[in-house]
Structures are given as structure tokens and as C-alpha cells.
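Listed below are the residues making up each chain.
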Amino acid sequence: MTCCHNYFATTEGGEEAFSVDVSAITYGAGCLAEAGEQAKALGVRRIALFTDKRLAATEHVAKVKASLTAAGIDYALYDEVKVEPTDVSFQAATRFAAEAKVDGFISVGGGSVMDTAKAASLYTTYPADFLAYVNAPVGEGRPVPGPLKPHIACPTTAGTGSECTGVTVFDLLSMKAKTGIASRMLRPSLALIDPLTTHTLPKNVIACSAFDVLSHALESYTAKPYTRRPRSNTPAERPMSQGANPWSDLGCREALRIAGEYMVRAVNDPADHEAREQLMWASTLAGIAFGNSGVHVPHGMAYAVAGLVKDYQPEGYPDDEPIIPHGMSVIVNAPSVFRNTACACPERHLDGAKCLGADLRGAREDDAGEVLGARIVELMKASGIPNGVGGVGYGEGDIGALIEGTLPQQRLLKNAPMEVGAEQLQSMFEGALSYW
Ligand SMILES: [Zn+2]
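First, a word on what this report is: a plain description of the structure on this page. Just so it is clear, the model here is predicted, and its values are computed rather than measured. (Residues numbered from 1 in each chain as written. Predicted model: local features only at pLDDT ≥ 70, side-chain atom pairs only at ≥ 80, totals over all residues. Heavy atoms only, no water.)

**Observations regarding the overall build of the protein chain**
At step 1: Looking only at helices and strands, the protein chain has 17 helices and eight strands in total.
At step 2: Relative to its length of 436 residues, the protein chain is compact, with a C-alpha radius of gyration of 20 Å against a globular reference of 22 Å.
At step 3: Taken along its principal axes, the extent of the C-alpha atoms in the protein chain is 60 × 50 × 40 Å.
At step 4: Out of the 436 residues in the protein chain, the part that is buried amounts to 60%.
At step 5: Of the contacts made within the protein chain by residues no fewer than 6 positions apart, 78% connect residues no fewer than 24 positions apart.
At step 6: Entry remark: accessible area of the protein chain is about 16,400 Å², with carbon and sulfur atoms responsible for 53%.
At step 7: Side chains of the protein chain carry 37 positive and 50 negative charges; the gap between the two charge centres is 4 Å. (Helix = DSSP H or I, 4+ residues; strand = E, 2+ residues; numbered from the N terminus. Rg over C-alpha atoms; globule rule 2.2 N^0.38 Å. Buried < 20%, exposed > 50% of the residue type's maximum accessible area, 1.4 Å probe, protein only. Contact = heavy atoms within 4.5 Å. Areas by Shrake-Rupley, 256 points an atom, 1.4 Å probe, with all protein chains shown as cover. Lys, Arg positive; Asp, Glu negative; His and termini not counted. Charge placed at Lys NZ, Arg CZ, Asp CG, Glu CD.)

**Considering the coordination of the zinc ion**
At step 1: With distances of 2.1 to 2.2 Å, the protein atoms coordinating the zinc ion are D212 (OD), H216 (NE2), H299 (NE2) and H326 (NE2).
At step 2: In this structure, the zinc ion is surrounded by four donor atoms whose angles at the metal cover 86 to 169°, and the resulting shape is irregular.
At step 3: By relative accessible area, H326 is classed as partly exposed at 27%. (Donors = N, O, S within 2.8 Å, 3.2 Å for Na, K, Ca; no water. Tetrahedral: all angles 85-135°; square planar, octahedral: opposite > 155°, others 65-115°.)

**Quick word on the side chain of D249**
At step 1: By secondary structure assignment, the location of D249 is in helix 8 (residues 246-268).
At step 2: Judged by its relative accessible area of 10%, D249 is buried.
At step 3: With residues up to four places along the chain from it excluded, the contact list for D249 reads F8, Y221 and R348.

**Here's the deal with the packing of helix 10 (residues 297-307) against helix 15 (residues 399-406)**
At step 1: Orientation of helix 10 relative to helix 15, taken along the N-to-C sense of each, is 120°, at an axis distance of 8 Å. The pairing of helix 10 with helix 15 is recorded here as oblique in orientation. Relative to helix 15, helix 10 is oriented so that their crossing is right-handed. In this structure, helix 10 contributes G300, M301, A304 and V305 to the contact, and helix 15 contributes L402, G405 and T406.
At step 2: Partitioned by chemical class, the residues of the contact of helix 10 with helix 15 number four nonpolar, three polar and no charged. (Axes fitted to C-alpha atoms, helices over the stretch in contact; angles between N-to-C directions. Parallel < 35°, antiparallel > 145°, perpendicular 65-115°, else oblique. Left-handed = near helix turned anticlockwise from the far one by under 90°. Nonpolar A, V, L, I, M, F, W, Y, C, P; charged D, E, K, R; others polar.)

**Digging into the pattern of salt bridges**
At step 1: The full count for this structure, using the stated rule, is 22 salt bridges.
At step 2: Between D74 and R46 there is a salt bridge, with the nearest N and O atoms lying 3.2 Å from each other. One end of the pair, D74, is in strand 3 (residues 74-78); the other, R46, is in strand 2 (residues 46-50), with 28 residues separating them in the sequence.
At step 3: Among the charged side chains, a network of salt bridges with common partners joins E15, R229 and R238. (Salt bridge = Lys/Arg side-chain N within 4 Å of Asp/Glu carboxyl O.)

Any functional reading would require information beyond the geometric quantities listed.
Dropping the structure here:
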């Protein structure tokens with residue numbers, strides 16, 4: 001793999017350094033019982049406990065409450081977090097946190113819960129018009145002025161990696177678009193990761209989370225190298241989505257190896273605790289990786305695929321409204337995207353396929369996109385994922401709207417290893433309509 005050594009070759013005017021920002025992490029079976037002592041160590045006295053309705057009744061939240069009480073920490077429970085949050089649900093959570101007069105946050109749940117806590121902490125600490133901090137061009141993209149209150153993030157799905165990133169994602173209802181806020185300041189103070197939480201997840205939730213992990217790792221690994229981004233004038237200007245770098249590569253490759261080995265087992269056998277716990281570790285590794293490199297096109301397209309949902313309702317998710325879960329909205333695009341991007345760095349696409357357990361015998365660099373695409377499709381079929389963008393309700397006639405919904409995600413599209421505009425997205429969406 002000599003080409004990989006050249007991936008970070010310096011370029012004229014290009015970046016010469018990369019930064020590593022990592023959350024503090026505590027990882028291990030049963031560690032949710034440390035929540036109270038950890039909050040105390042962060043100087044918190046009254047904490048907002050964020051979760052959702054389904055989780056509020058579980059032993060995980062009970063364990064956290066007991067631990068907070070034992071450590072003498074007062075908590076205010078907010079269990080109204082919406083799965084796939086919106087600007088409206090973020091603002092409701094912000095009002096709750098402001099009225100509860102808390103000096104810290106603990107979030108117990110999936111990406112939606114952790115992201116809502118990040119937003120509530122931001123808007124209660126530095127109040128502003130809602131669109132002020134939202135990524136441009138949808139919002140103003142104003143920098144977050146300074147540190148937020150302490151936030152302990154406790155993930156209960158092995159997927160989003162949100163506990164390790166400074167990104168929060170939501171639906172902007174007025175524009176029917178998914179967008180987000182990205183700032184190092186949003187990164188939680190501590191990720192408290194207890195793999196026991198994965199034991200009780202429904203099959204489809206495990207599948208969607210696992211494919212989110214897989215795509216975080218592959219996108220991060222095949223992102224444009226940091227050396228091809230224009231050099232930042234100051235360290236503060238260096239974006240979190242700085243592109244692929246040697247640090248991110250470490251987490252990506254190991255996360256892919258684990259996902260390739262364990263995801264099908266974890267999805268299809270609820271009693272396979274080993275496989276589910278392994279996925280939690282893969283999720284952590286991928287989160288650390290993409291939090292320092294950024295993801296690219298499959299996530300960019302997912303914003304449109306999830307945002308424009310028609311009437312799709314998956315098993316295992318709330319059934320009050322149509323929803324395409326995040327991991328699903330990402331992976332239905334992925335095989336087609338990687339078939340298109342492979343020409344930009346074939347060696348990384350081949351190596352990604354190899355980490356995922358693909359048989360590379362006889363494969364040449366020209367086959368890289370096909371080999372990787374086929375391995376992802378094989379895993380999708382074995383995990384009950386819908387057959388591409390067509391499988392979640394879209395047809396040929398929707399491609400124009402899907403492209404329109406993807407183009408504003410410039411932060412992600414620019415992180416791809418090649419130029420991606422409307423023309424490339426046309427071919428990527430066409431190729432993603434169905435895979436088998
Ligand atoms: Zn994701």
C-alpha cells in the first residue's frame with residue numbers, strides 16, 4: 001500500500017499540521033454508576049438530566065439518577081427529547097434548562113438526546129437568535145464565544161459517536177432541511193460509555209447504529225487529506241472537519257475491522273452480548289476519528305434523504321410520524337458514493353473493504369469502488385436494511401429535490417476526496433436507487 005504513504009504529501013499552500021481534540025472518556029460495563037462522582041468532579045451541583053420518554057423508564061436512567069443522588073447532586077429531569085430533533089424541540093429544551101437553573105448537563109440516550117443537551121447548553125450559556133450559530137449557509141455560522149457548562153454524555157446506542165464530537169444535528173422545520181451546529185466548544189466534557197446499554201436495543205436500532213459507525217469510519221478514512229485543505233492562518237481557524245489524518249486513520253481502521261466482524265451477529269442475535277459490546281467500542285473509535293477529520297458525501301446526502309421523508313416508518317422506532325433513522329439515511333447512499341469516489345484514492349477504498357472483511361484476492365485498484373460497494377451491500381442485506389434510496393420511498397422523480405437538499409451541506413461535500421457538485425450527486429443518487 002505504498003500509495004497510502006503519499007496520501008498526506010504536502011501541497012502548495014496546503015495545511016501542514018493537524019490537531020487532535022479528544023473527549024475525556026470513561027468506558028466499561030456498569031460505569032453509568034459513576035455518573036454522580038464524575039459530575040461532582042466537574043464541579044456540578046445541579047444538573048439537567050436529558051433523556052427521552054422510552055429511556056426514562058429504563059434501568060439505565062434509574063442507575064444514573066441513583067448515582068447523582070448518592071453524590072449529593074440535585075437533578076432536573078427532562079424526558080421530552082424528540083427522536084430526530086428539530087429547531088422547535090431544541091428551543092423547548094433550552095427553555096427547560098434556563099428555567100431549571102442548572103450548572104451542568106448529563107445526557108442519557110442516542111444522538112438525539114446528546115445533541116439536544118449540547119444545544120440547550122449552548123443557548124442557555126450564550127443566548128442568541130436561533131440561527132446565529134447554525135452552519136452557514138442555512139444559518140449565520142457565528143463562532144461559539146467560549147466554553148459551555150460541563151456535559152457528561154452517556155450513549156445508549158452504539159452508533160452516532162456524538163459523545164465524542166462537537167456537532168449537533170437537527171431538522172430546521174421552516175426549510176424542511178437537516179442542518180447542524182459545529183464547534184469544538186460543543187464537545188462533551190466527558191463521555192461515559194457503558195456497553196451494557198446495548199443489550200436491550202431492538203434489532204433495527206442496532207442495525208441503523210452499526211451502519212452509522214461503519215460509514216463514519218469509511219468516510220473519515222477516505223476524506224480529503226488534511227494537507228489538501230488551504231492552510232489555516234491561526235490554530236483556532238483550523239476546522240474540526242480538517243480531513244483525513246494519521247490520527248483518525250487509527251480509529252477508522254480498527255472500527256471497520258470490528259464492524260465487519262461483529263455487526264451481523266449483533267443485529268441478528270439479541271443474546272450475542274459480546275458482538276453488541278464490541279460495536280459500542282467500534283462506535284467510540286469511529287467517533288474519536290471522525291470528530292477530528294469529518295465525514296463527507298454519504299452524510300451530506302443523508303441530510304436530504306432524512307429531511308424529505310415521505311411515509312417511511314421503520315420497525316423499532318416511534319410510530320407517530322414517518323422517519324428514516326440517521327444510520328439508515330446514511331448507508332442507503334454509501335455503496336453508490338464509494339463506487340464514485342474510489343477513483344480519487346483507490347488504495348483507501350480497497351483497504352477499507354479489506355478491514356470490513358472483503359475478499360481482496362485478484363482485486364486491482366480499478367476494482368476498488370466495486371469491491372467496497374459490494375461488501376457494504378452484502379452487510380446491508382444480512383442486516384435487513386432497505387434496498388437503497390428506493391427502499392425508503394424515493395424514485396427517479398425525486399432525485400432533483402434530493403440534490404437540492406444535499407447541495408447546502410458544503411462543509412461535508414468539501415471534505416470528499418474529489419469535487420462533488422450537482423452532476424456528481426446526480427450519478428450518486430441514481431446509483432443509490434437500488435442495489436439488488
Ligand atoms: Zn452519522
